[in-house]
Amino acid sequence: ETGVTQTPRHLVMGMTNKKSLKCEQHLGHNAMYWYKQSAKKPLELMFVYNFKEQTENNSVPSRFSPECPNSSHLFLHLHTLQPEDSALYLCASSLSPTGYEQYFGPGTRLTVT
Amino acid sequence: QQPVQSPQAVILREGEDAVINCSSSKALYSVHWYRQKHGEAPVFLMILLKGGEQKGHEKISASFNEKKQQSSLYLTASQLSYSGTYFCGTELGGGSNYKLTFGKGTLLTVNP
């Protein structure tokens, strides 16, 4: 595998479910990100990790819980979501969190019913 | 702090040129440009760091006017493959400001 991979690609969950999104990067980068992309809205940064440490939480509700066990893996744990959380969730990575291009994964299309 | 992109949409015929603008009310450290095709992830095009440089990528180039906090993306002799939504992303500063903020995007459609 090369680049940034995400699983699952599609996810349907009820509001009472607990699920996790997984992201893995094979680029040797040190920074990883979670973005939310809703219809007709710009890409919204959710979390930033640099060398496994969270450096940015963009006022994200606590029903979204990130985890970064190492520089190559990033998870987004989901629980008690709302229908308005339905969106495309994109993972990205970069060599450093400032001044470097970001490489995006294919995303997970999440539908909350 | 979200950058403002213009125009919101543009339709071209193959071979025509287009300019997409991105402006910020804050002093910028860098400007990123990405293209996203429908159903796909955003793809990096280029990054411009403060210093007023201009960069090129095949027939796509960009400039960064540090004084005006503006960046422009130039697409010349457009091809069908250029169709997609173009996003600019801005960083306000280095150091601990780890936040890339994206504009709403410009939908570019290139027709035969």
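All values derive from a computational prediction rather than experimental measurement.

About the cut-offs
Residues numbered from 1 in each chain as written. Chains lettered and ligands numbered in written order. Predicted model: local features only at pLDDT ≥ 70, side-chain atom pairs only at ≥ 80, totals over all residues. Heavy atoms only, no water. Salt bridge = Lys/Arg side-chain N within 4 Å of Asp/Glu carboxyl O. Helix = DSSP H or I, 4+ residues; strand = E, 2+ residues; numbered from the N terminus. 1 Å grid on protein atoms, 1.4 Å probe; cavity = no way out; pocket = protein on both sides within 12 Å on 5 of 7 lines; lining within 4 Å. Points joined across faces, edges and corners; volume = space filled by probe spheres on them. Nonpolar A, V, L, I, M, F, W, Y, C, P; charged D, E, K, R; others polar. Buried < 20%, exposed > 50% of the residue type's maximum accessible area, 1.4 Å probe, protein only. Contact = heavy atoms within 4.5 Å.

Quick word on the pattern of salt bridges
Residue and element names in this part refer to chain A. Inspection of the entire model under this criterion finds one salt bridge over all chains. In this structure, the salt-bridge partner of Asp85 is Arg63, at a minimum N-O distance of 2.7 Å. Placement of the pair is Asp85 in the loop between β8 (73-79) and β9 (87-94) and Arg63 in the loop between β6 (53-57) and β7 (64-70), with a sequence separation of 22 residues.

Some words on the layout of surface pockets
Empty space within the largest pocket amounts to approximately 740 Å³. Mapped by element, the contributors of at least two residues to the lining of the largest pocket are β1 (4-6), β9 (84-91) and β11 (106-111) of chain B. Counting residues per element, the lining of the largest pocket draws most heavily on β9 of chain B, at three residues. Looking at the lining of the largest pocket residue by residue, the class counts come to six nonpolar, 13 polar and six charged. The volume enclosed by the second largest pocket comes to roughly 340 Å³. Along the wall of the second largest pocket there are 20 residues; nearest its centre are Leu43, Glu44, Leu45, Met46 and Asn58 of chain A. When contributions to the lining of the second largest pocket are tallied by element, the ones reaching two or more residues are β5 (44-50) of chain A together with β10 (101-102) of chain B. Sorting elements by how many residues they give to the lining of the second largest pocket places β5 of chain A first, with three residues. Class assignment for the residues of the lining of the second largest pocket results in ten nonpolar, five polar and five charged.

Looking at the environment of Tyr35 of chain A
Its location among the elements puts Tyr35 of chain A in strand β4 (residues 31-37). With relative accessibility at 0%, the residue Tyr35 of chain A sits in the buried group. Residues Tyr35 of chain A and Ser72 of chain A lie 37 residues apart in sequence; the distance between their C-alpha atoms is 17 Å. In contact with Tyr35 of chain A, other than residues within four places in its own chain, are Leu43, Glu44, Leu45, Met46, Leu88, Tyr89, Leu90, Ala92, Gln102 and Phe104 of chain A together with Leu100 and Phe102 of chain B.

Distances and angles like these do not, on their own, reveal function.
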